[in-house]
Amino acid sequence: MKILLCLLIGMCLALVGCKSDPVVGTWKLDTSSVPNFDKMPQSMKDQFNKGRVTFNADKTMSSDDGSGKTEKGTWELKDKTVTISGSKMNTATLTDDGKLQISVMGTTIKFVRA
């Protein structure tokens, strides 16, 4: 029993010491951040709902706009700003509410974890 308790305590301490990257993972569009989303044709809503942006631990990223068009690039996090290279998305910001805010072609939209 003592061995099991020691293992559990050791695992908890190891997890506390780990700092996970807040960007790594797959993100989907927060449709409430899209202007006039409710007024869009259903086919466009469906496409937006399929779109994903994935940030990998090796600092590569990929995005799919929901229609099958993909982009690949690299990313770097400094403070709360994510700088993206090789994609139409140039920068993103981690917001205090845990969302990822991205400006694309002059429009700012938010993403949540998928």
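Just above sits the structure.
My aim in this report is to walk through the structure given alongside it, one point at a time.

This next bit is on the overall build of the protein chain. Secondary structure summary: the protein chain contains two helices and eight strands in total. Along the protein chain, from the amino end to the carboxyl end, the secondary structure elements read α-β-α-β-β-β-β-β-β-β. For the protein chain, with 114 residues in total, the buried portion stands at 26%. Look at the contacts in the protein chain between residues 6 or more apart in sequence, and 39% of them connect residues 24 or more apart. Accessible area for the protein chain stands at about 7800 Å²; split by element, carbon and sulfur atoms hold 58% of it.

Here the focus is the sheet that holds strand E8 (residues 107–113). In space, the eight strands of this closed barrel follow the order E1-E2-E3-E4-E5-E6-E7-E8, with antiparallel pairing throughout. Between one strand axis and the next, the sheet turns through 30° on average, direction left out of account. As paired elements, strand E1 (residues 25–29) and strand E2 (residues 52–55) share four bridges and run antiparallel to each other. Directly across from Gly 25, in E2, lies its bridge partner Phe 55.

It is worth spelling out the environment of Asn 56 at this point. Looking at the element boundaries, Asn 56 is found in the loop between E2 and strand E3 (60–64). Measuring from C-alpha to C-alpha, the distance between Asn 56 and Trp 75 comes to 8.9 Å, with 19 residues separating the pair along the chain. Beyond its immediate sequence surroundings of up to four residues, Asn 56 is in contact with Val 24, Met 61 and Trp 75.

Note that E2 and E3 share four bridges and pair antiparallel. Looking across to E3, one finds that Phe 55 is bridged to Met 61. Here E2 folds back onto E3, and the loop between the two strands holds four residues, one of which, Lys 59, carries a positive phi near 75°.

A full pass over the atoms with the stated rule returns three salt bridges. Lys 99 is paired through a salt bridge with Asp 30; the nearest N and O atoms lie 2.7 Å apart. Taken together, the residues span a long stretch of sequence, with Lys 99 in the loop between strand E6 (91–94) and strand E7 (100–104) and Asp 30 in the loop between E1 and helix H2 (42–50) at a distance of 69 residues.

Thresholds, definitions, all that
- Residues numbered from 1 in each chain as written.
- Predicted model: local features only at pLDDT ≥ 70, side-chain atom pairs only at ≥ 80, totals over all residues.
- Heavy atoms only, no water.
- Helix = DSSP H or I, 4+ residues; strand = E, 2+ residues; numbered from the N terminus.
- Buried < 20%, exposed > 50% of the residue type's maximum accessible area, 1.4 Å probe, protein only.
- Contact = heavy atoms within 4.5 Å.
- Areas by Shrake-Rupley, 256 points an atom, 1.4 Å probe, with all protein chains shown as cover.
- Pairing = 2+ DSSP bridges.
- Axes fitted to C-alpha atoms, helices over the stretch in contact; angles between N-to-C directions.
- Salt bridge = Lys/Arg side-chain N within 4 Å of Asp/Glu carboxyl O.

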